[in-house]
Amino acid sequence: MTETDPPSHDVGAQDDIELRLGANLVHLPIIRSVAASIAIRADLDLDAIADLRLAVDEACSTLITRAVADSTMVCRFTISDQELRFTGTVSSDGDDVPSTASFGWRVLTTLADSADSWVEPSRVNGHGNWVHIELTKRKPTLT
Amino acid sequence: MTESTTHGSRTPSDDYGHLVPLFEEYASLAEDDPRRAEVREELVTGHLPLAEHIAQRFSGRGVAKEDLVQVARVGLINAVDRYDPSRGSDFLSFAVPTVMGEVRRHFRDTGWVIRVPRRLKELHLSINNASTQLSQRLGRAPTPSEIATHLGLSPEEVYEGLEAGNAYHSMSLDEVLSGDTENLALGDTLGEEDAALEGVENHETLQPLVKDLPERERRILALRFVHNMTQTQIAERIGISQMHVSRLLARTLDTLREGLVEGAKDD
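Quick caveat, the model's predicted, so the values are computed rather than measured.

Participant: Looking at this structure, I do not really get the overall build of chain A. What am I missing?
Facilitator: The helix and strand tally for chain A stands at 3 helices and 5 strands. The helix and strand sequence of chain A, counted from the amino end, reads β-α-α-β-β-α-β-β. Relative to its full complement of 143 residues, chain A shows a buried share of 43%.

Dropping the structure here:
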């Protein structure tokens, strides 16, 4: 299923966790803590927990710098048996996705098992586009 | 002078009483009077024990004592500069809150607003140790539930300990234990690692930022993002804990990100 109206009104499956907060860098510590808490409770290994925390931080700061002033960022965490997925979305005046050649993207792709970013036109009156970043971190296969 | 004060029941003002007239002199001197600097220095030096005392009161909370003393001294200098004897209150009742305010602000800025309960600190420490042991045994980082089993704790307790480490941003004991960068093998040269970042956008902005990083941080950055080592592997290589690697890496990325934003503004 693809989301077409990102600041979503449904919180998908019951286990999904969604955070909505001002697209402002001051909130990063909260998102980091939530990301770490969720990863800890999903029983990822300590490396994966630390990586996810940094990756979410990186993704959110990338998004926030693109967000329209005073807008809202939506962060969603989805936990499945295999992986933990994070999706962050902001509304932006621009229509370019974060560059995959940037240092930040390099950081993201190293820290997460997969990273993706895309832009779609916003249906909400006013601002142009939704910018999304999605990351996944696989649960460890324990040996 | 009061060199004969006994150490028993002296009140703070006895210690500094001899300095009181200096404040009046200080206040009476013109801005450009060369004597001003001398008097100011004498006042600051004379009150240094006050800064020490206040720093002492806040020590043992995870911030190095020397740092606290430095911060308290800055507060003291501010207090000397701002004190106005004509307002009638004595210097100490003005200086103590000023200096304490400075120290508190330092705690707030470094993330130690809340005193971490000893139990949590110990829990954090034992989790840290367990994680190191388990990593060696398993050849990878352990999960929280593996740590719980190892320590005979409930998963909830381990979660709490791990979260405490995150929330309090603890410069926990390993910061102290691992000391400085002396135990680093300086084997790998950093030149080739810089080259690996060549393809990255803003390379010109990034490179000096990376160069400015402390040796150890630069190395951790390279091992993680160029050599693609896990934090546990890096921890083992460098001889610090994984949690410590995690904190240093977070701090480094923050620094670089800020630097890149600054750089973009200058363009």
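Past the structure itself, the notes keep going.
Participant: When you look at the overall build of chain B in this model, what are you seeing that I'm missing?
Facilitator: Per the secondary structure count, chain B includes 14 helices and 0 strands. The order of helices and strands in chain B, counted from the N terminus, is α-α-α-α-α-α-α-α-α-α-α-α-α-α. Per-residue burial for chain B yields a buried fraction of 28% across its 267 residues. The long-range share in chain B, meaning contacts at least 24 apart out of those at least 6 apart in sequence, stands at 59%.

Participant: So what exactly am I meant to see when it comes to the interface of chain A and chain B here?
Facilitator: Accessible area lost upon the coming together of the parts serves often as the stated size of an interface. Contacts between chain A and chain B engage 22 residues on the former and 30 residues on the latter. Mapped onto the side of chain A that touches chain B, the elements with two or more residues apiece are α1 (28-41), α2 (46-66) and α3 (103-111) of chain A. Per element, the largest residue contribution to the side of chain A that touches chain B is 6 residues, and it comes from α2 of chain A. Split into classes, the residues belonging to the side of chain A that touches chain B amount to 10 nonpolar, 6 polar and 6 charged.

Participant: How do you make sense of the packing of α1 of chain A against α2 of chain A when you look at a structure like this?
Facilitator: The relative placement of two packed helices is expressed as an angle between their axes plus a distance between the axes. All names here are of chain A. Interhelical geometry of α1 versus α2 gives an angle of 150° and a closest axis separation of 9 Å. The handedness of the crossing between α1 and α2 comes out as right-handed. Here L28, I31, R32, A35, A36, A39 and I40 of α1 lie close against α2, whose contacting residues are A48, I49, L52, R53, V56, D57, C60 and S61. A per-class count over the contact of α1 with α2 returns 11 nonpolar, 1 polar and 3 charged.

Participant: Looking at this structure, I do not really get unusual backbone geometry. What am I missing?
Facilitator: Where the residue is not glycine, phi is negative for most of them; where a peptide bond is considered, it is trans in most cases. Backbone geometry places D70 of chain A, a non-glycine residue, at a positive phi of 60°. Locating D70 of chain A in the fold gives a position in the loop between α2 and β2 (72-79). The backbone phi angle of N228 of chain B is positive, close to 60°, even though this residue is not glycine. Mapped onto the fold, N228 of chain B is located in the loop between α12 (215-225) and α13 (231-238). Accessibility expressed as a C-beta count within 10 Å gives 9 for N228 of chain B, which makes it exposed.

Participant: What exactly am I supposed to notice about the sheet that holds strand β5 (residues 129-138) of chain A here?
Facilitator: Working definition: the strands of a sheet are paired by backbone hydrogen bonds and lie parallel or antiparallel to each other. All names here are of chain A. Taking strand neighbours across the sheet as the criterion, the 5 strands line up as β1-β2-β3-β5-β4 in an open arrangement whose pairing is antiparallel. What marks the edges here is a single partner per strand, and that holds for β1 (17-22) and β4 (114-121). The sheet shows a mean angle of 15° between the axes of neighbouring strands, direction not considered. As judged from the 8 bridges shared by β4 and β5, these two strands associate in the antiparallel manner. Across the sheet, residue A115 finds its bridge partner in β5, namely L135. The sheet contacts of α1 involve β1, β2 and β3 (83-92), and relative to β1 the element is tilted by about 170°.

So, how was this worked out
- Residues numbered from 1 in each chain as written.
- Chains lettered and ligands numbered in written order.
- Predicted model: local features only at pLDDT ≥ 70, side-chain atom pairs only at ≥ 80, totals over all residues.
- Helix = DSSP H or I, 4+ residues; strand = E, 2+ residues; numbered from the N terminus.
- Buried ≥ 20, exposed ≤ 12 C-beta atoms within 10 Å, placed from the backbone.
- Contact = placed C-beta atoms within 7 Å.
- Nonpolar A, V, L, I, M, F, W, Y, C, P; charged D, E, K, R; others polar.
- Axes fitted to C-alpha atoms, helices over the stretch in contact; angles between N-to-C directions.
- Left-handed = near helix turned anticlockwise from the far one by under 90°.
- Pairing = 2+ DSSP bridges.

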